[in-house]
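# Residue-level structure breakdown
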Amino acid sequence: MRHIINLEVENSAGVMARIVGLFSARGYNIESIVAGKTVEECTARITLVVIGDDKIIEQVNKQLNKLIDVIRVTDVTREDFVNRELLLVKIHCPPARRTEASLVGNIFGAKVVDISAKSLTFELTGSESKITAFLQTLRPFGIREVARTGPIAMVRDFNPRSSE
Amino acid sequence: MTGAEMIIHALKREGVRALFGYPGGMVIDIFDALYSAGVPFYLTRHEQGAAHAADGFARASGEVGVCLATSGPGATNLVTGLATAYLDSIPVVAITGQVPTSLIGNDAFQEADMLGITRSITKHNFLVKEVDELPRLLKSAFYIARSGRPGPVLIDIPKDIQQATTAMPYPDEVNIRSYKPTVAGHLPQIQKAAARISRAERPVIFAGGGVISSGASAELALLARRMQAPVTTSLMGLGAFPETDPLALKMVGMHGTAYANYAIQEADLLIAIGVRFDDRVTGKVSKFAPKAEIIHIDIDPATIRKNVKVSIPLVGDIRCVLTELNQLVENRNHDPWLQTVAGWKRENPLQYTQNGGISPQAVIRTIAEMTGHQAIIATEVGQNQMWSAQFYDFISPRTWISSGGLGTMGFGFPAAIGAQVAHPGRLVIDIAGDGSIQMNIQELATAALYNLPVKIVILNNRSLGMVRQWQSIFYQRRFSGVCLNRDARCPGECDGRSDSCPLYLPDFVRLAAAYNIPGFRSERPEEVAPILEKAFAHDGPAIVEFRISQEENVFPMVPAGAGLNEMLRGMA
Ligand SMILES: Cc1ncc(C[n+]2csc(CCOP(=O)(O)OP(=O)(O)O)c2C)c(N)n1
């Protein structure tokens, strides 16, 4: 199973190395890692995508919790959550195909952020499945370069099933 | 106060009774502050010795052990010591000097990235970047080392931080928002455990090092009496429960007693307390305790369900949890089960064959009798360690000092030095192999000069016995790289089997003489007790060498990958 795990960590030098080191030392599989600042200056937010069976994920959670610099570990996959990923993609696109390309872009709600005689660069934010579908659709143009951030995620507060 | 003075101030505030270390350019300011500061300092002959001595001090006393080394080579020499302490959850604070902050990252002279190097072998580590942070980080280092599941903490302090001054006071306590170890057990879980215990028919208690670090031996004994459950221990748990007690099964696992291994395999309930189910204990995990449900009590949630399935996890400080549990557990009677266990004990005692020469097992038994099982026994690693574990019969906690998790040869002697510093009045013995003792033999100078009366008993089989044992059993006696006396003149086909081989190197008695300490040697069984008596009576360190056969092996032995009941009982 693929799990998205959110970490709230002390914004200290080396915290990233501790987390990555833990994964390599214990042989866990990490698919993506995203780190960023939060509103609190001394806290950072890290989102990990980890692959493993239940036993491994339980250990991953516990071992992350054990790191002194880790304040909170949340496996959002166990809850109702939203996730978003940012994509930049550069495709082959001679002027003759621009209309066709921007039509595809429009359907997905992507923005054109760069254009040249040979290429077009899109920016797209969305769930991972949307990003993957967009890349799939662009394939016939010829993809020159892809940069994906890996997902960030948040647990939803609004829960239609329990709303009174 | 300067940073260096703050470090010494911290040691005093933390009640540090002994500091083990070695100087160098990047800690010279700390040594200056140490001059006439009144903190007892022990200059070892190698930083690895300092790290193991701090560790041994901690194991014997329950206090935090502290070592100090300079940057670069000094700090890297601590690494094996830190890894040893980490794998056995021993509270140690290592203070290392670092190059000045302005030079960090420049490959400066004697710079090594100690944070990077020790990340996976410490509980936590710090690099101090501002002198005003120093008091809080020093306090945190001690707090993290001794609380929760204990472990080593390294604090790396650049030279300019040691020289800078700070007005920040040393704090009385620290609050680390991301570090809150669980202490009290969860009551509903404790109730569940008590209910399961009351239904058990063939219970076994399995106690480990966690019982010792939490100081829970009395609570463990009460639980065992109430439940009338036999008690086995891991290597790290030796001394947690008196091995002379009728309920004691002694050690379980690869070189555990046959009756402990049988009991685990037949139990319907295993109460595992402060253990981590190391592979040397479980044998093949899928065959481990096949009939048992497991209650696992530990302070570290990550040990639970790491290696074995657990029905009732119970996270908390063991002493707190057992105190609560004991209030809920009623007196039980398991006579049929205890009779079965007693049968196994009768039929499968630990034994060895006399071969005419000195039996190493008999040496351990003699030491046990002479010391009333009360000495502090440190060991090296290998057969010497396993024979000590099997034959001493430990009766109290913190009398067994041995590298369990990492299995570090060269640990025993410097650790014994640390234990002796912790308990000046007690008899401390390092039981050694001729291989291991040479790994930190330089500390003879430390023992001699500080007159630390550690007794080294070398069981000299002229070989790396435990490796040789594996080669005997699993590698068709192809003895490769295990003879410690092989030289250029040895015939190529010599397998080191010949007990008539004349050469013993080094001459340990003359080596003792070089350090001005007495050395004794014998290969005659009748001389064992008299020599030990002389050595123990000597007011200072001493070396005793007993020459034993290379063919002595440790049994029982569960081959790697086998179930606990599939033991080898002797050479085929
Ligand atoms: C530092 C280190 N290196 C290698 C080993 C592997 N090893 C385990 S036991 C052993 C032999 C120990 O020989 P000795 O100290 O003479 O003890 P004996 O087994 O003969 O009692 C070795 C080499 C180890 N445990 N530690």
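Position numbers for residues count from 1 along each chain, tracking the sequence in the order it is written. Chains carry letters and ligands carry numbers; both start at the beginning, A for chains and 1 for ligands, and go up in the order they are written. Whole-chain, interface and lining totals are the exception, using all residues; otherwise, since this is a predicted model, local features are given only for residues with pLDDT of at least 70 and side-chain atom pairs are given and counted only at 80 or more. With hydrogens and water set aside, each side-chain value is computed from the structure's full complement of heavy atoms.

## Observations regarding the overall build of chain A
- Each helix is a run of DSSP H or I of at least 4 residues and each strand a run of E of at least 2, with the numbering of both proceeding from the N terminus. Tallying secondary structure elements over chain A gives four helices and nine strands in all.
- Reading the helices (α) and strands (β) of chain A from amino to carboxyl end gives β-α-β-β-α-β-β-α-β-β-α-β-β.
- Each of the three principal axes of chain A carries a C-alpha extent, and together these read 55 × 45 × 35 Å.
- Per-residue accessibility, obtained with a 1.4 Å probe over protein chains only, is compared with the maximum for each type, and a residue is labelled buried under 20%, exposed over 50%, and partly exposed between these values. Put simply, chain A has 164 residues, and 40% of those count as buried.
- Should any heavy atoms of two residues lie within 4.5 Å, those residues are counted as being in contact. Taking all contacts inside chain A whose residues are at least 6 apart in sequence as the whole, residues at least 24 apart take part in 72%.
- Method for areas: the Shrake-Rupley scheme with a 1.4 Å probe, in which residue coverage is limited to the protein chains shown. When the accessible surface of chain A is split by element, carbon and sulfur atoms take 54% of a total near 9100 Å².

## Some points on the nonpolar core
Residues and elements named next belong to chain B.
- Grouped together as the largest cluster of nonpolar side chains are 49 residues, with contacts concentrated most on Phe20, Cys67, Ile401, Phe413, Ile437, Ile456 and Ile543.
- Look past the residues within four positions of Ile437 in its chain and what remains in contact with it is Glu380, Phe413, Asp430, Ala432, Ile456, Ile458 and Phe508.
- We define a nonpolar core as any set of buried Ala, Val, Leu, Ile, Met, Phe, Trp, Tyr and Cys residues linked to one another through side-chain atoms lying within 4.5 Å. Membership of the second largest hydrophobic core comes to 39 residues, among which are Leu68, Val128, Leu134 and Leu137.

## What to know about the domain arrangement of chain A
Residues and elements named next belong to chain A.
- The domain boundaries here were taken from an automatic or database domain assignment. Domain assignment breaks chain A into domain 1 (2-75) and domain 2 (82-153).
- For domain 1 and domain 2, the distance between their C-alpha centres works out to 29 Å.
- Contacts between the two partners involve eight residues from domain 1 and, on the opposite side, seven residues from domain 2.
- Here domain 1 and domain 2 share an interface that buries about 540 Å² over both sides, 53% of which is from carbon and sulfur atoms.
- One speaks of a salt bridge when a side-chain nitrogen belonging to Lys or Arg is within 4 Å of a carboxyl oxygen belonging to Asp or Glu. Linking Arg2 and Glu128 is a salt bridge whose minimum nitrogen-to-oxygen distance equals 2.4 Å. Buried area: the accessible area, evaluated with a 1.4 Å probe, that two parts lose upon being put together, summed over both parts.

## Observations regarding the sheet that holds strand β7 (residues 203-207) of chain B
Residue and element names in this part refer to chain B.
- Here six strands make up an open sheet; going across it, the order is β9-β8-β7-β10-β11-β12 and the pairing parallel. The open sheet has two free edges, formed respectively by β9 (248-251) and β12 (312-315), since each of these has just one partner strand. Between one strand and the next, the sheet's axes are offset by a mean angle of 15°, whatever the strand orientation.
- Any two strands between which DSSP finds at least two bridges are classified as paired. Sheet analysis places β7 next to strand β8 (residues 231-233), joined by three bridges and oriented parallel. If you follow Ala207 over to β8, its bridge partner there is Thr233.
- On the sheet, helix α11 (residues 217-227) packs against β7, β8 and β10 (269-273) and is oriented at approximately 170° with respect to β7. Structural elements are reduced to axes, namely lines fitted to C-alpha atoms, with helices fitted over the stretch in contact, and the angle between N-to-C directions of any two is expressed from 0 to 180 degrees.

## Comments concerning helix α22 (residues 528-537) of chain B
All names here are of chain B.
- Buried within α22 are the following residues: Val528, Ile531, Leu532, Ala535 and Phe536. One face of α22 carries all of its buried residues, which in axial projection span an arc of 130°. For α22, the exposed residues set more than 90 degrees away from the buried face come down to Glu533, Lys534 and Ala537.
- On its buried face, α22 sits against α16 (360-371), β15 (428-433), β16 (455-460), β17 (519-522) and β18 (542-547). Comment: arc refers to directions from the helix axis out to C-beta atoms.

## Side note on the interface of chain B and chain A
- Chain B puts 17 residues into the contact, and the matching count from chain A is 18 residues.
- Both sides of the chain B and chain A interface together cover about 1600 Å² of buried area, and 46% of this is carbon and sulfur.
- Taken as a group, Arg119(B), Arg177(B) and Ser178(B) account for 39% of the area that chain B buries against chain A, more than any other trio of residues on that side.
- In this assembly, chain B and chain A are joined by four salt bridges.
- The salt bridge partner of Arg177(B) is Glu10(A), with a shortest N-O separation of 2.7 Å.
- A 3.5 Å cut-off defines polar contacts: any pair of N or O atoms within that distance qualifies, except that in protein one atom must be a possible hydrogen donor and the other a possible acceptor, and neighbouring residues in sequence count only when both atoms are side-chain atoms. At the junction of chain B with chain A, the criterion picks out 11 residue pairs in polar contact (both at pLDDT 80 or more).
- Tallied by class, the residues present in the side of chain B that touches chain A amount to six nonpolar, three polar and eight charged. When residues are sorted by character, Ala, Val, Leu, Ile, Met, Phe, Trp, Tyr, Cys and Pro go into the nonpolar class, Asp, Glu, Lys and Arg into the charged class, and all the rest, Gly among them, into the polar class.

## Digging into the domain arrangement of chain B
Residues and elements named next belong to chain B.
- Each assigned domain of chain B is listed with its residue range as follows: domain 1 (3-163), domain 2 (187-347) and domain 3 (360-462 + 504-547).
- A separation of 28 Å is found between the C-alpha centroids of domain 1 and domain 3.
- Tallying the contact residues gives 26 residues for domain 1 and 24 residues for domain 3.
- With both sides pooled, the region where domain 1 packs onto domain 3 buries about 2000 Å², and carbon together with sulfur makes up 64% of that total.
- Contact with domain 3 buries surface across domain 1, with Arg45, Arg59 and Ala60 losing the most and accounting together for 29% of the total.
- Our count for the domain 1 to domain 3 interface comes out at zero salt bridges.
- Our count for the domain 1 to domain 3 interface comes out at 10 residue pairs in polar contact (both at pLDDT 80 or more).
- Among the elements of the structure, β2 (41-43), α3 (47-61) and α5 (79-87) are those that each provide at least two residues to the side of domain 1 that touches domain 3.
- Counting residues per element, the side of domain 1 that touches domain 3 draws most heavily on α3, which supplies 11 residues.

## Focus: the confidence of the model for chain B
- Every residue carries a pLDDT, the predictor's confidence in it, which falls somewhere between 0 and 100. For chain B, the mean per-residue pLDDT works out to 96, and 99% of the residues sit at or above 70.
- Note on the complex model: pTM 0.96, ipTM 0.89.

## Structural notes on the site of the ligand
Residue and element names in this part refer to chain B.
- Close contacts around the ligand come from 17 residues, with Gln383, Gly407, Gly435, Ser436 and Gly465 the closest.
- Within the side chain of Asn461, one N or O atom sits 2.9 Å away from an oxygen atom of the ligand.
- For the ligand, the protein covers 76% of the area, taking 590 Å² as the surface of the free molecule.
- Of all the secondary structure elements, the ones that give two or more residues to the shell around the ligand are α17 (383-391) and α20 (465-474).
- Counting residues per element, the shell around the ligand draws most heavily on α20, which supplies three residues.
- Per-class residue counts for the shell around the ligand are six nonpolar, 10 polar and one charged. Think of it this way: one heavy atom of a residue within 4 Å of a molecule or strand is enough to make that residue near it.

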